[in-house]
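Results of the structural survey
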Amino acid sequence: MVNVRNYLKKREQHDAKTQRINYREKIRSHKFTIFYRSILILLLVVSVAAALIIQWKNKIYVDSVVVSSVETTMSQNGKTVPFEGYILTYSKDGASCIDAKGGAVWNETFEMQNPLIDICQNVVAIGDYNGRNIYVMNTESLLGQIVTNKPIRNFCVASNGVVAVVLDDSDVTLICLYDTQGEELVRFRTTMKESGYPFKVAISPNGKLVCVSYLFVDSGELKSSVAFYNFGAVGQNNTDNYVSGYDYLDVVVGYTHFLDDKTMFAVSDDRIMFFGGAQKPTSVAESFLNEDVQQIFYGKEYVGLVFLSKDSSSRYRLDVYNKSGQLSRSIDFDLEYSDIVFHEDQIIIYNEAECRIYNMNGVEKYAGYFEKAVSVLMPASSSYKYILVTADSIDTIELK
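Structure report, in brief. As a convention, each chain's residues are numbered from 1 in the sequence order in which they are written. Only residues with pLDDT of 70 or above have their local features reported here, since the model is predicted, and side-chain atom pairs are shown and tallied only from 80 upward, although totals for entire chains, interfaces and linings are computed over all residues. Hydrogens and water molecules were not included; the side-chain quantities draw on all heavy atoms of the structure.

Notes on the side chain of T191
Numbering goes from the N terminus for both helices and strands, where a helix is a DSSP run of H or I of at least four residues and a strand is a run of E of at least two. Within the element layout of this structure, T191 appears in strand 13 (residues 184-191). Three labels apply to residues, based on accessible area from a 1.4 Å probe with only protein chains included: buried if under 20% of the type maximum, exposed if over 50%, partly exposed otherwise in between. The exposure class of T191 is buried, given its relative accessible area of 18%. Within polar-contact distance, the side chain of T191 engages the backbone nitrogen of E194 at 3.1 Å. In this view, T191 contacts D171, V172 and G196; residues no more than four positions away in its chain are not counted. Each polar contact in these results corresponds to two N or O atoms within 3.5 Å; when the atoms are within protein, one needs to be able to donate a hydrogen and the other to accept it, and residues that are neighboring in sequence are counted only if both atoms are side-chain atoms. The contact criterion used throughout is that any non-hydrogen atoms of two residues lie within 4.5 Å.

Right, dumping it as structure tokens:
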């Protein structure tokens, strides 16, 4: 005979246990629902953000508007160049620096027959070819003056103000490093017989590495040598601080430049070479060129070589290389350019009357004309805003 009371008690206990299990399952199911919803919402947000970024990167601008303008008078006798967000003008009689609002920062007078400049970040060196004076300034003031006892043939400046100078001394050519106060830090002699003529010199931004392109004749054959010198602790144990170098037969390496403290590129009449290393640079990439290079441009991350275009509808072709030495993009264009600027993911090609702006995918973002003749175009702090320097004003434009 069944005990009804025990049966009902067991039934009650079973029902309570079942309810607890069902409750736990509901909580678990609810948590999974919230989790999956969160994942779906996150994926949706990421997808929308990615779509907006792609749309923004490929957005085509059709107009530009002047958002601000400052009246100023630019020297007509000098040359004006961008200077780390400032505007530098130099001539045989001196140099001056103004900010983007037209405010004077500094003005330096001198007399030079053939002034040359080299800029590294916010430091500029201005020297007289075949003269004996080099002035070193930054975006705030004059840092110092270098006076040499031999004619200046070539020079370059580091971001700390150290200047590497090639000096002519009849049968011997000197390569010297000076600080901003004109004190000689390093001097070494080169001769045509031993190493060749130092055709071009470059210095890393931190002033530790110096690259010299030598030109010499060996057994009746023309050769170029790209030599690296380390003036930091690593190079002290090497003769003349020489740490590495490469020879090239029957070419002239006419251009060398450091993109940063451990990346350098060089261009000869038949190839472009990339070197890497903060202590002992080595060759990392090399591309042969079958056409004559018209001009060379560079930014922080890219190097651009301009060639005559093979496309009948365009005058020029710009080949863009990244810091690893890989060809990233080729762009054909028909604009008679005065300058080409690399800024972030933009390639800006312009002259005094018009400009073209491309992204690194080769998409033409903007093509338009200026209202006034422009001598310098500089990217502003905001995306797709630019500072235009004209003869009587400094204008800021925004693309629409």
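The structure having been displayed, the exposition proceeds.
Focus on the side chain of T180
With respect to the helices, strands and loops of the structure, T180 is situated in the loop between strand 12 (172-178) and strand 13. With residues up to four places along the chain from it excluded, the contact list for T180 reads V136, L143, G144, Q145, N160 and G161.

What about the environment of E111?
Considering the arrangement of structural elements, one finds E111 in the loop between strand 5 (104-109) and strand 6 (115-120). As for E111 and N133, which are separated by 22 residues in sequence, their C-alpha atoms are 9.5 Å apart.

Points about the pairing of strand 28 (residues 354-359)
Two faces make up the sheet, and in a regular strand the side chains alternate between them. Most of strand 28 is tucked away, with six of its six residues classed as buried. Of the two faces of strand 28, both are covered, the one formed by E354, R356 and Y358 as well as the one formed by C355, I357 and N359. Following DSSP output, two strands are said to pair if at least two bridges run between them. Where strand 27 (residues 346-350) lies against strand 28, five bridges are found, and the strand directions are antiparallel. Looking across to strand 28, one finds that Q346 is bridged to N359. The turn joining strand 27 and strand 28, which pair antiparallel and follow one another in sequence, is formed by three residues. In this structure, the hairpin formed by strand 28 and strand 29 (residues 364-369) is closed by a connection of four residues, where G362 is found at a positive phi of approximately 85°.

Here's the deal with the environment of V363
Considering the arrangement of structural elements, one finds V363 in the loop between strand 28 and strand 29. Taking relative accessible area as the criterion, V363 reaches 27% and is therefore assigned partly exposed. Distance in space between the C-alpha atoms of V363 and I331 is 9.2 Å, their sequence separation being 32 residues.

Some details on the environment of R153
In this structure, R153 sits in strand 10 (residues 152-157). Ignoring sequence-local partners within four residues, the contact set of R153 consists of Y129, N130, V166, D168 and Y197. A polar side-chain atom of R153 sits 2.8 Å from a polar atom in the side chain of D168.

Quick word on the sheet that holds strand 3 (residues 86-91)
Read across the sheet, four strands follow the order 2-3-4-5 without closing on themselves; strand pairing throughout is antiparallel. Across the chains shown, the open sheet's two edge strands, defined by having one partner strand only, are strand 2 (79-83) and strand 5. Between one strand axis and the next, the sheet turns through 15° on average, direction left out of account. Here strand 4 (residues 94-98) runs beside strand 5; their pairing, made up of five bridges, is antiparallel. For S96, the partnering residue across the bridge sits in strand 5 and is N107. Here an axis means a line fitted to C-alpha atoms, over the contact stretch when the element is a helix, while the angle between two N-to-C directions is reported on a 0 to 180 degree scale.

Observations concerning the packing of aromatic side chains
For any pair of aromatic rings, geometry is given as the distance between the ring centres together with the angle between the planes. Only Phe, Tyr and Trp rings take part, Trp by its six-membered ring, and two of them pair if their centres are within 6.5 Å. Stacked means planes under 30 degrees apart, edge-to-face means over 60, and tilted covers everything else. Overall, the coordinates contain 16 aromatic pairs when judged by the stated rule. Relative to F275, the ring of Y246 has its centre 5.6 Å away and its plane inclined at 40°; by these criteria the two rings are tilted. Pair noted here: Y246 is in strand 17 (residues 242-249) and F275 is in strand 20 (residues 271-276), with a separation of 29 residues, a long-range link. Note on Y246: relative accessible area 26%, which makes it partly exposed.

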